[in-house]
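This is what each chain is made of:
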Amino acid sequence: MAAPMRGMSVLRQAFQGLVRPAGGQVCRQVQHRCYSTPGHVQVDMNSETGVATVRLNRPPVNSLNLDVLTELSIALEKLETDKSCKAMVLASAAPGIFSAGLDILEMYQSTPERCVAFWRALQDAWLNLYGSRLITMAAIEGHSPAGGCLLAMSCDYRVMAEGKFQIGLNETKLGIVAPFWFTDVMLNTIGHRETEKALQLGALYSAQQALSIGLVDKVVPLAEVMPTVEGELKNWLQIPAAARVITKTSMRKAVLDRLRSQKEKDAQFFADFINRDSVQKSLGMYIASLQKKKN
Ligand SMILES: CCCCCC/C=C/CC(=O)SCCNC(=O)CCNC(=O)[C@H](O)C(C)(C)COP(=O)(O)OP(=O)(O)OC[C@H]1O[C@@H](n2cnc3c(N)ncnc32)[C@H](O)[C@@H]1OP(=O)(O)O
């Protein structure tokens with residue numbers, strides 16, 4: 001069986017009620033337990049089915065800042081150690097968006113120390129998600145670029161809403177480079193040739209295009225995303241858990257170990273890279289282009 005993820009014991013305590021995060025709530029009902037932190041990540045645990053729904057909740061676009069990533073790690077750790085939890089659905093509480101990826105403002109004109117802390121939080125959230133023993137499914141009910149795509153790809157199964165929404169690792173379009181572990185996850189998902197094209201072009205795919213290259217597993221109308229995930233979960237839940245977990249762990253171990261063995265080096269590299277003048281200039285232009293879109 002997969003070992004629970006290491007670290008963050010204070011965070012785990014927070015969820016066990018020993019330490020309460022500022023402004024956080026723990027509410028218990030008969031069949032549903034809701035663990036809500038200040039509002040960035042909502043967890044609804046259905047004790048009857050053993051399925052938890054984790055919703056990103058940072059409107060307008062669920063950009064992933066230090067707080068969101070830390071809260072996501074807390075939530076995933078808690079579910080990992082909850083023996084009654086068998087599966088986790090990752091979704092969004094914000095309409096029209098799964099996640100806009102990393103909060104660009106965490107990378108623009110930030111201090112090296114903040115950059116390192118931010119990157120460590122991302123690493124931990126990803127290690128918890130990709131290394132989870134749970135069945136993990138992404139309900140992609142909106143746009144899912146960059147870090148949003150990473151989260152979705154790190155689940156076991158993806159259902160995306162048809163229509164105008166886009167998904168992909170578009171980092172090169174921002175003048176930045178997808179880290180090796182983003183690349184590894186994409187390689188494991190869509191294979192080498194498609195990854196080469198997708199990453200160099202910073203391609204964002206429609207749901208149908210994503211389906212055709214295997215980036216998502218099913219495309220359905222928006223209203224059908226959750227029911228489709230629930231239907232698919234029924235199949236996965238029938239598989240003997242130990243055999244499924246051992247299979248998943250063995251297939252993901254090399255990629256997880258690659259990051260685990262160089263977390264600090266990776267965080268330092270990120271902080272150095274992102275603070276280069278040329279990268280800051282590109283990010284500044286990208287932020288301006290997002291703002292200009294509105295005018
Ligand atoms: C080795 C080290 C290398 C470094 C590797 C670093 C890796 C980075 C991975 C990433 O995740 S980078 C982030 C990439 N994300 C994007 O490119 C998405 C940008 N956003 C969009 O394209 C659109 O916002 C959207 C997601 C398609 C949604 O469009 P919509 O029209 O619904 O909303 P907007 O009006 O565009 O946005 C509303 C509001 O939110 C701000 N915003 C959008 N995305 C981000 C973001 N990722 N971070 C921070 N802020 C974001 C946008 O600027 C608007 O703000 P305003 O103040 O209301 O104008």
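Bear in mind the structure is a predicted one, so any value in this text is a computation, not a measurement.

Here's the deal with the pairing of strand β8 (residues 142-145)
- Both strand β6 (residues 96-97) and β8 contribute to a ladder of two bridges, which runs parallel. Bridging from a neighbouring strand, Ile97 pairs with His143 of β8.
- Direction of pairing for β8 relative to strand β10 (residues 166-168): parallel, over a ladder of two bridges. Across the sheet, Ser144 pairs through a bridge with Ile167, a residue of β10.

Some details on the nonpolar core
- Of all hydrophobic cores here, the largest spans 77 residues; its most connected members are Ala139, Ile140, Met160 and Ile167.
- Residue contributions to this core peak at ten residues, all from helix α3 (residues 112-130).
- Beyond its immediate chain neighbours, meaning those up to four positions away, Ala139 contacts Val89, Leu90, Ala91, Val159, Val225, Met226 and Val229.

Overview of the pairing of strand β3 (residues 41-46)
- Of the two faces of β3, only the one carrying Val41, Val43 and Met45 is buried; Gln42, Asp44 and Asn46 on the other face are not.
- Inspection of the sheet shows β3 paired to strand β4 (residues 51-56) by six bridges, in the antiparallel sense. Along β4, the bridge assignment pairs Val41 with Leu56.
- Hairpin connection between β3 and β4: a loop of four residues separates the two successive antiparallel strands, and Gly50 in this loop has a positive phi of roughly 75°.

Quick notes on the environment of Val61
- Structurally, Val61 can be placed in the loop between β4 and α2 (66-81).
- Along the primary structure Val61 and Phe118 are separated by 57 residues, whereas in three dimensions their C-alpha atoms are 18 Å apart.

Considering the site of the ligand
- Of all residues adjacent to the ligand, which total 29 residues, the nearest are Ala100, Gly101, Leu102, Ala146 and Gly147.
- Of the residues assigned to the shell around the ligand, the class counts are 18 nonpolar, seven polar and four charged.

Focus on helix α5 (residues 180-190)
- By the burial criterion, the buried members of α5 are Trp181, Phe182, Val185 and Met186. In a view along the axis of α5, the buried residues occupy a sector of 140°, so they form one face of it.
- Against α3, α4 (147-153), α6 (192-201) and α9 (241-260) lie the buried residues of α5.
- Gly191 occupies a position one or two residues after α5 and carries a positive phi of about 90°.

Focus on the packing of α3 against α9
- Direction vectors running N to C along α3 and α9 enclose 160°, while the axes themselves pass 11 Å from each other. Taken together, the axes of α3 and α9 are roughly antiparallel relative to one another. When you trace α3 past α9, the crossing you get is left-handed. Of α9, the residues touching α3 (which contributes Gln123, Leu127 and Tyr130) are Arg252, Leu256, Leu259 and Arg260.
- When grouped by side-chain class, the residues that make up the contact of α3 with α9 number four nonpolar, one polar and two charged.

What to know about the confidence of the model for the protein chain
- In the predicted model, the protein chain carries a mean pLDDT of 90, and 86% of its residues have values of at least 70.
- Listed scores for the predicted complex are pTM 0.91 and ipTM 0.98.

Cut-offs and rules
Residues numbered from 1 in each chain as written. Predicted model: local features only at pLDDT ≥ 70, side-chain atom pairs only at ≥ 80, totals over all residues. Pairing = 2+ DSSP bridges. Helix = DSSP H or I, 4+ residues; strand = E, 2+ residues; numbered from the N terminus. Core = buried A, V, L, I, M, F, W, Y, C linked by C-beta atoms within 7 Å. Buried ≥ 20, exposed ≤ 12 C-beta atoms within 10 Å, placed from the backbone. Contact = placed C-beta atoms within 7 Å. Near = placed C-beta within 6 Å. Nonpolar A, V, L, I, M, F, W, Y, C, P; charged D, E, K, R; others polar. Arc of directions from axis to C-beta. Axes fitted to C-alpha atoms, helices over the stretch in contact; angles between N-to-C directions. Parallel < 35°, antiparallel > 145°, perpendicular 65-115°, else oblique. Left-handed = near helix turned anticlockwise from the far one by under 90°. pLDDT = per-residue confidence, 0-100.

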